[in-house]
Amino acid sequence: MTGTRKQADQNSGPNGEPREKQSRTAAGSVQSVDRAVSVLEILARHGEAGVTEIADELGVHKSTAFRLLGVLENRGLVGQAKDRGKYFLGAGVLRLAGAAAVRMDISQEGGPVCRELADEVGETVNIAVLDEDAAVNIMQARGPASVTAQNWLGRRTPLHATSSGKVLLAHLPTTLREGLLARTLPRLTEHTVTGTVALRGELEAVVGQGFAVAVEELEVGLAAVAAPVRAHDGKVIGALSASGPVYRLTEDRLTELSKRTVAAAVELSRRMGYGF
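First things first, this report covers the structure right here in the doc. Please read all numbers here as calculations on a predicted model, not as lab measurements. (Residues numbered from 1 in each chain as written. Predicted model: local features only at pLDDT ≥ 70, side-chain atom pairs only at ≥ 80, totals over all residues. Heavy atoms only, no water.)

1. Focus on the sheet that holds strand S7 (residues 212–215)
Thinking step 1. The six strands lie next to each other as S6-S5-S4-S9-S8-S7, forming an open sheet whose pairing is antiparallel. Both outer strands of the open sheet, strand S6 (156–158) and S7, are each paired with one neighbouring strand and no more. Averaged over neighbouring strand pairs, the angle between their axes works out to 35° when direction is ignored.
Thinking step 2. The sheet strands contacting helix H9 (residues 251–271) are strand S4 (124–131), S7, strand S8 (222–230) and strand S9 (236–245), and the helix crosses S8 at an angle near 25°. (Pairing = 2+ DSSP bridges. Helix = DSSP H or I, 4+ residues; strand = E, 2+ residues; numbered from the N terminus. Axes fitted to C-alpha atoms, helices over the stretch in contact; angles between N-to-C directions. Contact = heavy atoms within 4.5 Å.)

Here's what the structure looks like:
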């Protein structure tokens, strides 16, 4: 290979384009992202702004600002008042912020409640939130009686086979709940409830009594109770659960554990602004 050929190969990227061109393209993409974020920050400060104002603050041509706004508008992150030509933050920003706020707030406020309940009952305590068609655990605390080092953090568990999942499922809007119940529900153990009619009955009981119980429905030897965690508007945003081995969580013990779990969930809901 000649020196010229070697130099050409060294100056080319994986797709054959000159590395200098690829670097410029990457830098341009990063700059576009930075400018798009800046647009959102400008609108957050001013409430609303026109293309000219935004272009001036960014230090770019109006056509560049207009293209950025068009992309953000297509994604629902900004909206436009057609009569005034002004742009404002769109519902997409509220959706993203709301989802992030709920997870951050419930994690932050839930930590002390989880640890206190775990110390009080001696079992493993979790907070789970809805993740499409599953419950995902975002907080965990282990009590002194815990005999397993199993980590539930980040684990997605089926709604129909867990106490947390049943709480979340029971409080979904009817259309969403029925859509999930219409799916084929896997039988994980001989105790897993998979029949739609039977599961509907359980979910009605969950709403009525304020907690859910699952005994060996997810795993053989595991029992759990869970209660709903509510936001300031009363919407159920999570489930607080306590779990342990069935040999320790007898029927009487589960009854007592449900009372304490409900009380802890009420406290966490209060911390989230519910009841004021």
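2. Considerations on the nonpolar core
Thinking step 1. Ile106, Cys114, Val125, Ile127, Val229, Leu240 and Leu268 are the most contacted members of the largest nonpolar core, which has 25 residues in total.
Thinking step 2. At the level of elements, helix H5 (91–121), S4, strand S5 (134–141), S8, S9 and H9 are the ones that each hand at least two residues to this core.
Thinking step 3. Among the elements that take part in this core, H5 stands out by supplying six residues, more than any other.
Thinking step 4. Beyond its immediate sequence surroundings of up to four residues, Ile127 is in contact with Ile106, Gly110, Cys114, Val136, Asn137, Ile138, Met139, Ala239, Leu240 and Leu268.
Thinking step 5. Listed in part, the 19 residues of the second largest apolar core include Leu159, Leu199, Val206 and Ala226. (Core = buried A, V, L, I, M, F, W, Y, C linked by side-chain atoms within 4.5 Å. Buried < 20%, exposed > 50% of the residue type's maximum accessible area, 1.4 Å probe, protein only.)

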